[in-house]
Amino acid sequence: MIEELETIGVIGAGQMGRGIAQVSAGAGCRVILSDVSVEAAQAGLDKVADGTGKQVEAGRMEAADRDALLARISVAAGMEGLSDCDLVIEAASENEQVKRAIFAELCPALKPEAMIASNTSSISITRLAAATDRPERFMGIHFMNPVPRMKLVELVRGIATADATFELARAYVDRLGKTATVSEDFPAFIVNRILLPMINEAIYTLYEGVGSVEAIDTAMKLGANHPMGPLELADFIGLDTCLSIMQVLHDGLADSKYRPCPLLVKYVEAGWLGRKTGRGFYDYRGETPVPTR
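Residues numbered from 1 in each chain as written. Predicted model: local features only at pLDDT ≥ 70, side-chain atom pairs only at ≥ 80, totals over all residues. Heavy atoms only, no water.

J.: I'd love a proper account of helix H10 (residues 239–253), names of residues and values included.
T.: In a regular helix each residue adds 1.5 Å, so 15 residues correspond to 21 Å; H10 covers 21 Å between its end C-alpha atoms and thus fits that length. Contact partners of the buried residues in H10: helix H7 (191–207), helix H9 (230–237) and helix H11 (262–269). Two residues or fewer past H10, Ala254 is found with a positive phi of approximately 50°. (Helix = DSSP H or I, 4+ residues; strand = E, 2+ residues; numbered from the N terminus. Expected span 1.5 Å × (residues − 1). Contact = heavy atoms within 4.5 Å.)

Written out as structure tokens, the structure is:
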């Protein structure tokens, strides 16, 4: 049994994956960042280098610490480069079939004692674990976005997760300097079980004409002291991700209060997914974001 998680693999070099790679390397772990191609993984590492470079310029990080952090991250394509990892964290898109396909390819490449975790924000950990050859060494380690700034990590055990696996995951989160909260394996866990229905309700409020995008976001920022309005936050998360989580809640809990707003569905159908595509509830293609409704 592994006593400490020293080599961390991260599958997916997008915003979440590269954030997980950054904080893991910053805590002294060796990190292997993997994606569908070396070029995609390298692009993720380049963004880590760019972001940490700005921190050095702003005086929030020492140049030597940045250099040491970047030196601990290497890149790989596919699963072949992950064979020596103690823990591999899957941070692919919020799609169960995609994740299951990744695990089917990953498991044969890993050493027998290695742990697997998913960064899923909503999907059943028990069900994902059952798609692997090591459900007792599988659990949910759900980071918040953006990973380097957000202090919380949700730890989610599947029905088969061993105590030793959970304790290693908790020690890893502690090493990152983050705070762990433990959730039972129910759809969307704690944060998104509460947050996404609020966002969905804000979209219904827009859909029904109760208020404009600007009015809704201003009301929640100044009336509820939220740092970001719910529609602005939806754009930041990604409207496709918001829809996926609402569908998991609706399917998993069979309650009409979790029905995704038709306007959210329409935006996703249009490819208006928020910041990452340049348009969502705001249009980001100019100098300043402009509401689209």
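J.: I'd love a proper account of the pattern of salt bridges, names of residues and values included.
T.: Should the charged atoms of two oppositely charged side chains come close, the side chains can pair. Under the defined criterion, the tally for this structure stands at 16 salt bridges. The partner of Arg100 in a salt bridge is Glu96, with the nearest N and O atoms 3.5 Å apart. Of this pair, Arg100 and Glu96 both sit in helix H4 (residues 96–106), four residues apart, which is roughly one turn of that helix. Exposure remark for Arg100: the relative accessible area of 30% places this residue in the partly exposed category. We classify Glu96 as buried; its relative accessible area is 17%. Here Asp163 and Arg157 are joined by a salt bridge, their closest N and O atoms 2.6 Å apart. Ionic contacts of the salt-bridge type, sharing partners, join the residues Glu4, Glu6 and Arg175 into one network. (Salt bridge = Lys/Arg side-chain N within 4 Å of Asp/Glu carboxyl O. Buried < 20%, exposed > 50% of the residue type's maximum accessible area, 1.4 Å probe, protein only.)

J.: Lay out the environment of Ala114 with the relevant residues and their values.
T.: Tracing the sequence through the fold places Ala114 in the loop between H4 and strand S5 (115–118). By relative accessible area, Ala114 is classed as buried at 0%. Not counting chain neighbours up to four residues away, the residues in contact with Ala114 comprise Ile2, Cys85, Asp86, Arg134 and Arg137.

J.: Break down the domain arrangement of the protein for me, with residues and values.
T.: What the domain assignment lists for the protein is domain 1 (7–184) and domain 2 (192–291). Just the C-alpha atoms count here: the centres of domain 1 and domain 2 sit 27 Å apart. With eight residues of domain 1 in contact, the opposing surface of domain 2 contributes five residues. Carbon and sulfur atoms make up 57% of the area that domain 1 and domain 2 hide from each other, which totals about 540 Å². The three residues of domain 1 that bury the most area against domain 2 are Glu94, Ser121 and Ser122, which together make up 59% of that side's buried surface. At the junction of domain 1 and domain 2, the tally comes to zero salt bridges. Linking domain 1 with domain 2 are one residue pair in polar contact (both at pLDDT 80 or more). (Domains from an automatic or database assignment. Buried area = accessible area lost by both parts, 1.4 Å probe. Polar contact = N/O pair within 3.5 Å; in protein donor to acceptor, adjacent residues only side chain to side chain.)

J.: Summarise the pairing of S5; cite the residues concerned and give the values.
T.: The alternating pattern of S5 places Met115 and Ala117 on one face and Ile116 and Ser118 on the opposite face, and all of these are buried. Sheet topology note: the strand S4 (residues 87–90)/S5 ladder contains four bridges and is parallel. Along S5, the bridge assignment pairs Ile89 with Ala117. A crossover connection joins S4 to the parallel S5 through H4; in handedness this β-α-β unit is right-handed. The pairing of S5 with strand S6 (residues 138–143) spans three bridges and is parallel. When the sheet's bridge partners are listed, Ser118 is paired in S6 with Gly140. (Pairing = 2+ DSSP bridges. Right-handed = clockwise from strand over helix to strand, strands pointing away.)

J.: Hey, could you go over the nonpolar core for me, with residue numbers and the actual values?
T.: Of all hydrophobic cores here, the largest spans 37 residues; its most connected members are Ile73, Leu87, Ile141, Phe143 and Tyr172. Core analysis: the next-biggest nonpolar cluster, separate from the first, contains 26 residues, Ile199, Ala202, Met246 and Leu264 among them. (Core = buried A, V, L, I, M, F, W, Y, C linked by side-chain atoms within 4.5 Å.)

J.: Describe unusual backbone geometry, naming the residues involved and giving the relevant values.
T.: With omega at 0°, the peptide bond leading from Asn145 into Pro146 counts as cis. Locating Pro146 in the fold gives a position in the loop between S6 and strand S7 (152–157). At Ala188, a position not held by glycine, the phi torsion is positive, near 70°. Locating Ala188 in the fold gives a position in the loop between strand S8 (179–183) and H7. Accessibility expressed as a relative area gives 0% for Ala188, which makes it buried.

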